[in-house]
Structures are given as C-alpha cells and as structure tokens.
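Listed below, chain by chain, are the residues.
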Amino acid sequence: MQRSRWRGLGFTSGAALSATAVLGAGLLAGCGSSSDSAETETVTVFAAASLKQVFTQLGTRYESAHPGTKVTFSFAGSSDLVAQLNQGAPADVFASADQNNMDKAVKGGRITDQPQTFATNMLTIVTPPGNPAHVDSLADLSHAGLRLVVCAPQVPCGSATKKVTADAGVAISPVSEESSVTDVLAKVTSGQADAGLVYVTDAAGAGAKVTTVNFPESAKAVNTYPIATVADSKNASAAKDFVALVTGPDGRKALQQAGFGQP
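## A word on the pattern of salt bridges
Here the idea is simple: oppositely charged side chains can pair when their charged atoms come close. Inspection of the entire model under this criterion finds five salt bridges. A salt bridge links R147 to D194, with the shortest nitrogen-to-oxygen separation between them at 3.1 Å. You can see R147 sitting in the loop between β5 (123-127) and β6 (148-151) and its partner D194 sitting in the loop between α6 (181-189) and β8 (195-199), a full 47 residues away along the chain. Residue D194 is classed as buried on the basis of its relative accessible area of 16%. Between K187 and E178 there is a salt bridge; the shortest N-O distance is 2.8 Å. Judged by relative accessible area, K187 falls into the partly exposed class, the value being 22%. Its relative accessible area of 13% is what places E178 among the buried residues.

## Some points on the packing of helix α2 (residues 52-65) against helix α8 (residues 236-247)
Between α2 and α8, the shortest axis-to-axis distance is 11 Å and the interhelical angle comes to 125°. One way to sum up the angle between α2 and α8 is to call them oblique. You can see that α2 and α8 cross each other, and the crossing is right-handed. Between α2 and α8, the contacting residues are F55, L58, G59, R61 and Y62 on the first element and A238, D241, F242, L245 and V246 on the second. Residue classes in the contact of α2 with α8 are distributed as seven nonpolar, one polar and two charged.

## A word on the pairing of β8
Most of β8 sits inside the fold, with five of its five residues counted as buried. As paired elements, β5 and β8 share four bridges and run antiparallel to each other. Bridging across to β8, V126 finds its partner in G196. Inspection of the sheet shows β6 paired to β8 by two bridges, in the parallel sense. Pairing of V149 across the sheet is with G196, part of β8.

## Side note on helix α3 (residues 78-86)
Owing to its 3.6 residues per turn, the α-helix brings residues three or four apart onto one side. What α3 keeps buried is the set S78, S79, L81, V82 and L85. Looking straight down α3, one finds that the buried residues subtend no more than 160° of arc, so they occupy a single side. Those residues of α3 that are buried are in contact with β1 (41-48), β2 (69-76), β3 (93-95), α4 (99-107) and α5 (156-168). At the exit of α3 stands G88, carrying a positive phi of roughly 100°.

## Description of α5
Compared with an ideal rise of 1.5 Å per residue, which puts 13 residues at 18 Å, α5 spans 18 Å between its outermost C-alpha atoms and is within 8% of the ideal. Within α5, the full set of buried residues consists of P156, C157, G158, A160, T161, V164 and T165. Where α5 terminates, the next one or two residues include G169, which has phi positive at roughly 70°.

## Structural notes on the packing of aromatic side chains
Aromatic ring pairs are described here by two measures, namely the spacing of the ring centres and the angle between the planes. Applying the stated criterion to the full structure yields nine aromatic pairs. In this structure an aromatic cluster arises from ring pairing among F55, Y62, F73, F75, F118, Y199, Y225, F242 and F260.

## Structural notes on the environment of V71
Tracing the backbone shows V71 in strand β2. The sequence separation of V71 and R61 amounts to 10 residues, and the corresponding C-alpha distance is 9.9 Å. Excluding residues within four positions of it along the chain, V71 makes contact with V43, V45, G59, Y62, E63 and F242.

## Considerations on the sheet that holds β1
If you walk across this open sheet you meet the five strands as β2-β1-β3-β10-β4, and the pairing is mixed. Here the strands that pair on one side only, and so sit at the sheet edges, are β2 and β4 (116-121). Across this sheet, the average inter-strand angle for adjacent strands is 20°, counted without regard to direction. Pairing of β1 with β2 involves eight bridges; the strand directions are parallel. Bridge assignment links F46 to a residue of β2, and that residue is S74. The strands that α2 touches are β1, β2, β3, β4 and β10 (223-229); relative to β2, the one it contacts most, it runs at about 170°.

What counts as what
Residues numbered from 1 in each chain as written. Predicted model: local features only at pLDDT ≥ 70, side-chain atom pairs only at ≥ 80, totals over all residues. Heavy atoms only, no water. Salt bridge = Lys/Arg side-chain N within 4 Å of Asp/Glu carboxyl O. Helix = DSSP H or I, 4+ residues; strand = E, 2+ residues; numbered from the N terminus. Buried < 20%, exposed > 50% of the residue type's maximum accessible area, 1.4 Å probe, protein only. Axes fitted to C-alpha atoms, helices over the stretch in contact; angles between N-to-C directions. Parallel < 35°, antiparallel > 145°, perpendicular 65-115°, else oblique. Left-handed = near helix turned anticlockwise from the far one by under 90°. Contact = heavy atoms within 4.5 Å. Nonpolar A, V, L, I, M, F, W, Y, C, P; charged D, E, K, R; others polar. Pairing = 2+ DSSP bridges. Arc of directions from axis to C-beta. Expected span 1.5 Å × (residues − 1). Phe/Tyr/Trp six-rings, centres within 6.5 Å; stacked < 30°, edge-to-face > 60°.

These figures capture arrangement, not role.
The structure is reproduced here in structure tokens:
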C-alpha cells in the first residue's frame, strides 16, 4: 500500500510538471509572437498608376534595407488618389503624376511638407503590335473610325492629351476616356482599341505587346512628378525614408532605367 501511494504521488507530480512546462512554453511563444507583430510597421504609398512598375521595385529594395518594414501601394489615377486622401483615406506617402493634384492634397491639408519633384514624363502613341490601323502621327488620331482611347481630362495623362492636341490643332473623338494611364494601355493590349495615348514609360514597360509611335508634339506637355509625406502619417520616419529613396541616387537610377526623365 505504501509503495502504491508513492507511485501515485510520483505520477501526479510528473504530470503536473509536464503541464506546467507546456503552459510556460505556450506563454513564451505567445509573447514572442506579440513582440514580432509589434516590431513590424507598414508604409502605405499612394502613387500614380504610371509609377507601378518602378515603385514596386523600389518598395522591394526598401524592405530589404529596412527589415521589419513592409511597403504597401495603392496605384491609381492621381485625381482618384487625391480625392481619397482628401476624404480621409490613411496613407504615409503621396506621389502624383502632376503638380495640380499634389496642390489639391496640399490645399486639403493632407500634405504639409514641401513636395519634391523627382521625375518627368511625356506622352506617346501605342497601337496593337504591327500597328494595323497605320497610325503614324498625332494627326492620324483624328481619322474617322479609329478606335482611340485616352485618359479622362482630370487625370494627368488626360490633361497632357488635351494640351498636345489643342496646341497641334488636332481634333480627336476617343471611344472612351479612362481613369488611369494603365487602363488606356490595357484597352490597347487587349485589342479593344486601335490606338491610345500613354506615357513613354508605360509603352516601354509593355514591350512587344504594343507598337510605339513617337510624335514631336509630346514635348509641349511634359508632366512633372512630385512626392511628399502625408501630414498625419502614422509612420512618419519610415515615410520620409521612402521619399529619400525615391529622390536619392538609387531612386533616380531606377526611374531613369524605366524611361522617366530627370526633374
């Protein structure tokens, strides 16, 4: 009886110790998980659609240089982005494809730092591969029956389109006006349009999916790209670091390789 009683106590004591060890390990794991989560910060960047390819590359570079920081992007037409910002959408950085929409963000109180111009861009004509509609100049965009797609006037690429066609005296009748330059490009690459007016950078990024037709009148409407941190950024320090990357030597090199002009 005595041996049996001690065996029972020994078993109970061992089980209790095991349970305590498991519980302790669980608590430690839980604490570690919470700590890891707390150390991760996110930088949210609102950027013009034409910046998607190069900014995605710069975001990856930024994350590699800043472990524990993740860069998330919202790419769209600059006019849509500034409308979202002025309605209170949370963001840390805003990069516009023109000064006009940056000015709207400043007027709305979302940008209080001095915006920095970091790139320039201009328009070109894109057609499906082989240019089946034989578009060879800006004037050809006025031909009857041509399915032309452009950006809407409130979008920077649409504003540039309006300026170059007006200056050249070319009357166009687009079949649709898109909210971003990437939407124009998509209509052309999918065969829904015979021609579109996009930025030279978008044409370069599309590669063999399009035929590019440059025109000299595009020099009359060069868009400048400003960038700034958002006034109520929750990660102001990281946001400033991202802006510094874009405006610094590495950013300028990446932008130049993507076809953007220097400010």
